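An overview of the molecular structure
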Amino acid sequence: SSILSRIPFPALFEQLKQVRENGYALNTAEYIDKAFCIAAPGFDEDNMPSYAIGISGTTDFRQYPQKFKQITNDIKEACAVVSREYRNHVKRKLV
């Protein structure tokens, strides 16, 4: 079963809107009990999402909001750095 078979389209679009606003996606125990994943998108030279960087942990981790916030910020920053380096690499190859 896929996410499309479990979530009505209006709810899915609302989740995608939140992902865009937050800059990361969150999966909380959807497939494995007491597990979650935070992932952020990386962008190609056309500024299109083309990969993600993520981390998994236990849902107990969310009891520490400062740590959770720091990790989401670190993941978003890692994606921004990789995206920037990738675009610079593509530009150098085109020259």
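Here's what I pulled together on the structure shown here. (Residues numbered from 1 in each chain as written. Predicted model: local features only at pLDDT ≥ 70, side-chain atom pairs only at ≥ 80, totals over all residues. Heavy atoms only, no water.)

Before going further, it helps to spend a moment on helix H3 (residues 65-94). With 30 residues, H3 extends 44 Å from end C-alpha to end C-alpha; this agrees with the ideal 44 Å at 1.5 Å per step. On the buried face of H3, the contacting elements are strand E1 (25-28), strand E2 (35-43) and strand E3 (49-58). (Helix = DSSP H or I, 4+ residues; strand = E, 2+ residues; numbered from the N terminus. Expected span 1.5 Å × (residues − 1). Contact = heavy atoms within 4.5 Å.)

This part is about the nonpolar core. In terms of nonpolar packing, the biggest core is built from 8 residues, these being Tyr24, Phe36, Ile38, Ala40, Phe68, Ile71, Ile75 and Cys79. Going through the elements one at a time, E2 and H3 are the ones with two or more residues in this core. Here this core gets 4 residues from one element, more than from any other, and that element is H3. (Core = buried A, V, L, I, M, F, W, Y, C linked by side-chain atoms within 4.5 Å. Buried < 20%, exposed > 50% of the residue type's maximum accessible area, 1.4 Å probe, protein only.)

For aspartate 44, the location among the structural elements is in the loop between E2 and E3. Look at aspartate 44: it is buried, it has no salt bridge, and the nearest opposite charge is arginine 87 at 6.8 Å. A polar side-chain atom of aspartate 44 sits 2.9 Å from the main-chain amide nitrogen of aspartate 46. Filtering out sequence-adjacent residues up to four positions away, aspartate 44 remains in contact with Ser50, Tyr86 and Arg87. (Lys, Arg positive; Asp, Glu negative; His and termini not counted. Salt bridge = Lys/Arg side-chain N within 4 Å of Asp/Glu carboxyl O. Polar contact = N/O pair within 3.5 Å; in protein donor to acceptor, adjacent residues only side chain to side chain.)

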